[in-house]
Amino acid sequence: MRNAMTRWAVILLALLVAGPAAAQQQPPQGRGAEDRIGEALFAPDLVMQNAQRIGLTRAQRDAMTTAIQELQGRAVALQFQMLEEVEKAILLLEQPRVDEREATAALNRVLDIEQQVKVTQSVLLIRIKNILTPEQQAQLREIRKRPPE
């Protein structure tokens, strides 16, 4: 029963995340806002994999580690909270008759937490970018353009 509940939680989460994205149309002229946001920021693994190449200092590395530790704990707590809310929503949706108001409120709680997770992740990426010099940022943009080896 618990594995089935977890499976449904994952499915519901996937639908909640993919649904709105699938419904949106890409702007006709190239890159969408999400692509542009992704291009403006740098993932921690990209920075760390290229630390020597971009001349990342010990102070920058320490600042990144601190930022990751601070925000990662919050993100994990939010993800657990979201899974709990998803399970509650599933229990409501599995009933023979679903109270629309209650189910909608439950789904809104899930989406609210998902929003908090995304904001927390974005704050981390912003902090990482602010730790990097403009030159390091330019180097990472060039590295990102190269095809994977």
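The residue count restarts for each chain, going from 1 along the sequence in the order it is written. Per-residue local features are limited, in this predicted model, to residues with pLDDT of at least 70; the limit for side-chain atom pairs, both in listing and counting, is 80 or more; totals at the level of whole chains, interfaces and linings are taken over all residues. Just so you know, side-chain values use all the structure's heavy atoms and leave hydrogens and water out.

**A word on the overall build of the protein chain**
- To qualify as a helix, a DSSP run of H or I must reach at least 4 residues; to qualify as a strand, a run of E must reach at least 2; elements of each kind are numbered from the N terminus. Of regular secondary structure, the protein chain possesses seven helices and zero strands.
- Secondary structure elements of the protein chain, listed N to C terminal, follow the sequence α-α-α-α-α-α-α.
- Burial statistics for the protein chain: of 149 residues in total, 28% are counted as buried.
- Contacts in the protein chain between residues at least 24 apart in sequence constitute 81% of all its contacts with a sequence separation of at least 6.
- Using a 1.4 Å probe, accessible areas were evaluated by the Shrake-Rupley method; residue-level cover was limited to the displayed protein chains. By element, 55% of the accessible surface of the protein chain is carried by carbon and sulfur atoms, the whole surface being about 10,600 Å². Relative accessible area decides the class of each residue, using a 1.4 Å probe on protein chains only: under 20% of the type maximum gives buried, over 50% gives exposed, and in between gives partly exposed. Residue contacts follow a heavy-atom distance rule, with two residues in contact if any of their heavy atoms lie within 4.5 Å.

**Some points on the nonpolar core**
- We call a set of buried Ala, Val, Leu, Ile, Met, Phe, Trp, Tyr and Cys residues a nonpolar core when their side-chain atoms join them within 4.5 Å. Core analysis: the biggest nonpolar cluster contains 15 residues, and Val47, Ile54, Leu56, Leu132 and Leu140 have the highest contact counts within it.
- Elements with a minimum of two residues in this core: α3 (44-49), α4 (51-54), α5 (58-93), α6 (100-131) and α7 (134-145).
- When neighbours within four sequence positions are excluded, Leu132 is seen to be in contact with Phe42, Val47, Ile54, Leu56, Gln60, Gln137 and Leu140.
- Within the second largest apolar cluster, seven residues are counted, among which are Leu78, Met82, Val86 and Val110.

**Some thoughts on α7**
- Between its terminal C-alpha atoms α7 stretches 17 Å, which fits the 16 Å expected from twelve residues at 1.5 Å a residue.
- On the buried face of α7, the contacting elements are α3, α4, α5 and α6. One fewer than the residue count of a helix, multiplied by 1.5 Å, yields its expected span.

**Digging into a nonpolar patch on the surface**
- A cluster of nonpolar side chains, contributed by Val76, Phe80 and Leu83, occupies part of the molecular surface with about 260 Å² of accessible area.
- Within the secondary structure, Leu83 sits in helix α5. Patch definition: residues with relative accessible area over 30% and no salt bridge; like charges joined within 9 Å; nonpolar side chains (Val, Leu, Ile, Met, Phe, Trp, Tyr) joined within 5 Å. Basic side-chain nitrogens of Lys or Arg form a salt bridge, by our definition, when they fall within 4 Å of a carboxyl oxygen of Asp or Glu.

**A few points about the pattern of salt bridges**
- All chains considered together, the criterion is met by six salt bridges.
- With its nearest N and O atoms 4.0 Å apart, the salt bridge here joins Lys118 to Glu114. Remark: Glu114 and Lys118 occur in helix α6; sequence separation between them is four residues, near one turn of the helix.
- When the shortest N-O distance is used, the salt bridge between Lys145 and Glu142 registers 3.4 Å.

Keep in mind that these numbers describe shape and distance, not what the molecule does.
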